[in-house]
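Residue strings, one per chain:
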Amino acid sequence: MQVSDVVTNKKMVILGTGGTIAGTATRAGDHTGYTAAQLGIAQLVAAVPALAGSPFELLTEQVAQIDSKDMSFSVWRDLAGRVSHWLAQPEVLGIVITHGTDTLEETAYFLQALLHPAKPVVLTCAMRPATALVPDGPQNLVDAVAVATHPGARGVVAVCAGVIHSAMDVQKVHPYRLDAFSSGDAGPIGYVEEGRLRLMRNWPLAPVDHTQAAIESIAMLPDEAAWPRVEIVMNYAGASAAVVQALLASGVQGLVVAGTGNATLHHALEAALHEAQAAGIPVVRATRCSEGRVLPTPDAAIPDSRGLSPVKARVALILSLLGKRP
Ligand code: SIN
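These remarks concern the structure in this document. (Residues numbered from 1 in each chain as written. Predicted model: local features only at pLDDT ≥ 70, side-chain atom pairs only at ≥ 80, totals over all residues. Heavy atoms only, no water.)

Focus on the packing of helix α3 (residues 73–87) against helix α4 (residues 104–115)
Thinking step 1. For the pair α3 and α4, the least separation of the axes is 11 Å and the interaxial angle reads 50 degrees. With respect to α4, the element α3 is oriented oblique. In this structure, the crossing between α3 and α4 has a hand that is right-handed. Facing Trp76, Leu79, Ala80 and Val83 of α3, the residues of α4 in contact are Glu106, Thr107, Phe110, Leu111, Leu114 and Leu115.
Thinking step 2. The class makeup of the residues in the contact of α3 with α4 is 8 nonpolar, 1 polar and 1 charged. (Axes fitted to C-alpha atoms, helices over the stretch in contact; angles between N-to-C directions. Helix = DSSP H or I, 4+ residues; strand = E, 2+ residues; numbered from the N terminus. Parallel < 35°, antiparallel > 145°, perpendicular 65-115°, else oblique. Left-handed = near helix turned anticlockwise from the far one by under 90°. Contact = heavy atoms within 4.5 Å. Nonpolar A, V, L, I, M, F, W, Y, C, P; charged D, E, K, R; others polar.)

Some details on the sheet that holds strand β1 (residues 11–18)
Thinking step 1. An order of β2-β1-β3-β4-β5-β6-β9-β10 is seen for the 8 strands of this open sheet, with the pairing classed as mixed. One side of each edge strand has no neighbouring strand; the edge strands of this open sheet are β2 (57–66) and β10 (196–199). Strand-to-strand twist of the sheet, defined as the mean angle between neighbouring strand axes without regard to direction, takes the value 25 degrees.
Thinking step 2. Sheet analysis places strand β3 (residues 92–98) next to strand β4 (residues 120–124), joined by 4 bridges and oriented parallel. Looking at the pairing, Thr98 lines up with Thr124 of β4.
Thinking step 3. Across the sheet, α4 lies against β3, β4 and β5 (155–160), angled at about 170 degrees from β4, the strand it touches most. (Pairing = 2+ DSSP bridges.)

Digging into the pairing of β3
Thinking step 1. For β3, a buried count of 6 out of 7 residues is recorded, marking the element as mostly surrounded by other parts of the structure.
Thinking step 2. Both β1 and β3 contribute to a ladder of 6 bridges, which runs parallel. Note on β3: the bridge partner recorded for Met12 is Gly94. (Buried < 20%, exposed > 50% of the residue type's maximum accessible area, 1.4 Å probe, protein only.)

Some points on α4
Thinking step 1. Taking 1.5 Å of rise per residue, 12 residues should cover 16 Å, and α4 covers 16 Å from first to last C-alpha, within 8% of that figure.
Thinking step 2. Where α4 is concerned, the buried positions are Leu104, Glu105, Glu106, Thr107, Ala108, Tyr109, Phe110, Leu111, Gln112, Leu114 and Leu115.
Thinking step 3. Just downstream of α4, His116 is the residue with a positive phi angle, here 40 degrees. (Expected span 1.5 Å × (residues − 1).)

Observations concerning the side chain of Thr20
Thinking step 1. Mapped onto the fold, Thr20 is located in the loop between β1 and α1 (41–46).
Thinking step 2. The class for Thr20 is buried, based on a relative accessible area of 8%.
Thinking step 3. Those residues in contact with Thr20 that lie beyond four places of it in its chain are Tyr34, Ala36, Gly100, Ala126, Met127, Arg128, Pro129 and Ala130.

Remarks on the packing of aromatic side chains
Thinking step 1. The full count for this structure, using the stated rule, is 4 aromatic pairs.
Thinking step 2. Through a chain of ring-to-ring contacts, the aromatic side chains of Phe73, Trp76, Phe110 and Trp227 assemble into a single cluster. (Phe/Tyr/Trp six-rings, centres within 6.5 Å; stacked < 30°, edge-to-face > 60°.)

With respect to the nonpolar core
If you look at soluble globular proteins, the nonpolar side chains tend to sit buried side by side.
Thinking step 1. Core analysis: the largest hydrophobic core is formed by 54 residues, its most contacted members being Leu15, Val83, Ile95, Ile97, Phe110, Leu111 and Leu114.
Thinking step 2. Ranked by residues supplied to this core, first place goes to α3 with 8 residues.
Thinking step 3. Those residues in contact with Phe110 that sit more than four places away from it in its chain are Trp76, Ala80, Ile218, Trp227, Val315 and Leu319.
Thinking step 4. Core analysis: the next-biggest nonpolar cluster, separate from the first, contains 27 residues, Ile21, Ile41, Val45 and Ala148 among them. (Core = buried A, V, L, I, M, F, W, Y, C linked by side-chain atoms within 4.5 Å.)

Right under this line is the structure:
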């Protein structure tokens with residue numbers, strides 16, 4: 001898509017992957033009985049008059065069209081490839097990605113950990129389908145473009161309900177309300193208010209921009225089965241060794257445990273995880289608490305997740321296992 005009032009050669013790229021923001025329902029009042037990922041990204045952007053006045057050329061590209069509960073490694077690989085491609089173009093200021101809310105935090109962390117982009121990569125979404133009486137997607141899209149074109153913005157962030165979250169901290173914390181995300185203890189990076197940004201803290205750190213090398217290793221992965229299989233297990237009352245033993249028997253390559261509190265583990269589960277380690281399977285200990293981080297304990301036999309939630313610790317372990325491959 002190209003808009004009429006373009007006054008510079010600068011470009012903004014909007015990549016579509018599906019989600020509720022592209023969802024439709026047969027009844028306008030229906031906020032739950034809809035089908036995600038129905039409208040194309042060009043259609044979504046064209047339906048937002050506020051974007052037509054952009055001083056930048058807006059380009060759209062459909063990378064996937066899925067409900068994000070079905071997010072896959074091959075979509076991540078394709079998405080990382082397209083993000084990398086566009087970021088390398090000097091005239092591209094930044095990228096917006098429309099995404100389902102359900103696994104948005106995983107994709108955001110994956111892209112940040114892999115690419116450390118020096119330009120902004122902004123994931124946005126909606127809690128209501130595009131056909132809702134009052135959809136939230138259009139405003140989120142306008143806010144995301146404001147962030148992606150903000151001078152000095154960098155790294156992977158999520159924008160939802162006027163709040164800018166770092167990929168490192170963002171978590172979906174509510175299944176229904178429009179402001180469904182939180183950055184927990186860290187707090188948001190800032191807010192988008194009438195198109196202007198009010199910043200509270202720094203953008204995600206981008207110490208090294210190693211986009212090309214990282215992408216090359218991911219791009220080589222032919223299919224889902226080539227990615228390391230890392231699973232998440234949880235501690236709870238009455239936890240046992242059974243799940244870990246079944247996973248080991250089925251060839252799991254890494255484990256993240258969502259422990260209770262400061263990542264404590266039922267002794268039976270802990271023993272099974274030690275067996276996994278003894279068999280050469282890396283294990284990482286995160287917490288199932290939704291806020292705070294695991295505080296390292298001296299001599300801990302299972303390393304902690306360094307502040308990452310269980311789902312992000314899993315992504316980190318997958319990337320680390322990929323990095324160790326010849
Ligand atoms: C999805 O994650 O694709 C569906 C749910 C949503 O976007 O809110």
